Amino acid sequence: MPHPTANRRHPVLPDHFTWEPSSRWVRAVADGVTVVDTKRPVLVWEPRQKVPEYGVPAADVRTDLLRPADDAPAPGRSWRPVRPARQWFHLVLPDRVVEHVAWTWDDDGLDGWLGVTWTPGVLDAWYEEDERVITHPRDPHNRVDALPSSRHVVVRDGDRVLAESSSPVAVYETGLPTRWYLPAADVRFDELVPTDTVSECPYKGHATEYWGVRRADGTVEDVAWSYPDPFPAVAAIRGLVAFWGERVRIEVDGEPTVSVTDLRV
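These figures come from a predicted structure and were not determined experimentally.

Draft legend 1. The arrangement of the overall build of the chain in detail. On a plain count of helices and strands, the chain comes out with 1 helix and 24 strands. With respect to the principal axes defined by its C-alpha atoms, the chain has extents near 60 × 55 × 40 Å. Residues counted as buried form 43% of the 265 residues belonging to the chain. Across the chain, contacts joining residues at least 24 apart in sequence account for 53% of those joining residues at least 6 apart. About 14,300 Å² of surface is accessible on the chain, with carbon and sulfur atoms providing 50% of the total. Each charge class in the chain was averaged separately, 30 positive and 42 negative side chains, and the resulting centres sit 2 Å apart.

Below you can see the structure in the form of C-alpha cells.
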C-alpha cells in the first residue's frame, strides 16, 4: 500500500551496510581453542542481505593465530560475506591450518572489526552466552511464530496434488513468506522422492528429512522438508511437512500464496 504519507516501518533489505551493537557474550571454538571471545560484538548486515554476521573487535579475536590469505575462498566455499572482502585470513592451529576463517569488510565504516565464518564444518561451534547457536547469528528483529490454523491448504505440482490439509501450522518469520506445515497424514508421499538433503536454522533447529519431485529430465528437485525434533519455541511443527512455494504451487483458502519478491515491495 505505497502512499506518500505512510512509509513501511522497516525498509526491506537496505542497499548499504547496516549494523547495530549487541551485548551478548559471543564465542567461537575450533580444536578446543577459543578463537572469538567478545562481549561487545556488532551485528552487520551486508547490502540487500537478510541474514547478519557478527562483527568482532580485532582485540577479541585470536589474531595471533591468523595469517593473511593471498586469495578468496572458491565460490560456494563460504556462505558470507556476499560482497568481496578487503582481506581474508587463515587460522593456524597446532595441528592444522583452517583456510578462510576471517575477513575484513570492504567498508571504511567497519574498520577494526573482523567477520568470522559460521559456514558449517569450518569452526567447531559458536555460542551466545552458554547456548550453542547454529547457522548464523540470531537477528534481534526477526520473529518466528508457529500458529496452528484451520485454513485449507493445497499443494500442487502441475496437475498433481502433493498435499491437502485443513489443520496446518502456519510459520510466520519476519521478512520471509509464510511457510505452511502440514500433518504427514495429509501428504501424498507416493508422489514424493526422499532425498539426502539436510539443513539447519538458528530459530527452528535441524531439518533432517527432505523430499523432492522428479522432473521431466529425470532429476529430483527438493520441494519439502520436516523438523523431527525442532527447538521448543516452534514445537508445533514437530514432524509436520512444509513445501517451498517457490518450487510448487501452494493455495491457501483457494488463493495462491505470495512469493519472496512480493514481500519486498
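Draft legend 2. Representation of the sheet that holds strand β10 (residues 125-128) within the structure. If you walk across this open sheet you meet the 4 strands as β3-β2-β10-β11, and the pairing is antiparallel. Across the chains shown, the open sheet's two edge strands, defined by having one partner strand only, are β3 (33-38) and β11 (131-133). Ignoring which end each strand starts from, the neighbouring axes of this sheet average 30° apart. Pairing geometry for β10 and β11, over 3 bridges, is antiparallel. Note on β11: the bridge partner recorded for Tyr127 is Arg132.

Draft legend 3. View of the confidence of the model for the chain. When pLDDT is averaged across the chain, the result is 94; 95% of the residues are at 70 or more. In the model, residues 261-265 has pLDDT below 50 throughout and makes 9 contacts with residues more than four positions away in sequence or in other chains.

Draft legend 4. Spotlight on the packing of aromatic side chains. Within the structure shown, the criterion is met by 9 aromatic pairs. With centroids separated by 5.3 Å and ring planes inclined at 55°, the aromatic side chains of Phe189 and Trp211 adopt a geometry described as tilted. Of this pair, Phe189 sits in the loop between β16 (179-182) and β17 (193-195) while Trp211 sits in strand β20 (residues 209-214), placing them 22 residues apart in sequence. Here Phe189 falls in the partly exposed class, since its relative accessible area comes to 32%. On the accessibility criterion, Trp211 (11% relative accessible area) is buried. We note Lys39 situated over the ring of Trp25; from NZ or CZ to the ring centre the distance is 4.7 Å. Across from the ring centre of Trp244, 4.0 Å away, lies the NZ or CZ of Arg247, which sits over that ring.

Draft legend 5. Main features of the pairing of strand β8 (residues 97-104). Within β8, 6 of the 8 residues are buried, which leaves it mostly tucked inside the rest of the structure. Between strand β7 (residues 87-92) and the antiparallel strand that follows it, β8, lie 4 residues. Examined bridge by bridge, β8 and strand β9 (residues 113-116) share 2 bridges and lie antiparallel to one another. Bridge pairing in β9 places Trp103 opposite Gly115.

Draft legend 6. Region of the structure containing the nonpolar core. In this structure, Val36, Leu91, Val101, Leu123 and Trp126 are the most contacted members of the largest nonpolar core, which totals 26 residues. For this core, the secondary structure elements donating two or more residues are β2 (26-30), β3, β4 (42-45), β5 (53-57), β7, β8 and β9. Not counting residues up to four positions away in its chain, the partners in contact with Leu123 are Ala28, Val29, Ala30, Leu91, Val101, Val116 and Thr117. By size, the runner-up hydrophobic cluster in this structure holds 18 residues, among which are Leu162, Leu192, Val213 and Ala224.

Draft legend 7. Summary view of the sheet that holds β8. With respect to topology, 7 strands assemble into an open sheet ordered β1-β4-β5-β9-β8-β7-β6, the strand pairing being antiparallel. The sheet terminates laterally at β1 (18-21) and β6 (66-68), the two strands that pair on one side only. The sheet shows a mean angle of 40° between the axes of neighbouring strands, direction not considered.

Draft legend 8. View of unusual backbone geometry. Following Arg80, the chain continues to Pro81 via a peptide bond in cis, the omega torsion being 10°. By secondary structure assignment, the location of Pro81 is in the loop between β6 and β7. Its identity is not glycine, yet His100 carries a phi of approximately 50°, on the positive side. The class for His100 is buried, based on a relative accessible area of 5%.

Rules behind the numbers
- Residues numbered from 1 in each chain as written.
- Predicted model: local features only at pLDDT ≥ 70, side-chain atom pairs only at ≥ 80, totals over all residues.
- Heavy atoms only, no water.
- Helix = DSSP H or I, 4+ residues; strand = E, 2+ residues; numbered from the N terminus.
- Buried < 20%, exposed > 50% of the residue type's maximum accessible area, 1.4 Å probe, protein only.
- Contact = heavy atoms within 4.5 Å.
- Areas by Shrake-Rupley, 256 points an atom, 1.4 Å probe, with all protein chains shown as cover.
- Lys, Arg positive; Asp, Glu negative; His and termini not counted.
- Charge placed at Lys NZ, Arg CZ, Asp CG, Glu CD.
- Pairing = 2+ DSSP bridges.
- Axes fitted to C-alpha atoms, helices over the stretch in contact; angles between N-to-C directions.
- pLDDT = per-residue confidence, 0-100.
- Phe/Tyr/Trp six-rings, centres within 6.5 Å; stacked < 30°, edge-to-face > 60°.
- Lys NZ or Arg CZ within 6 Å of the ring centre and 35° of its normal.
- Core = buried A, V, L, I, M, F, W, Y, C linked by side-chain atoms within 4.5 Å.

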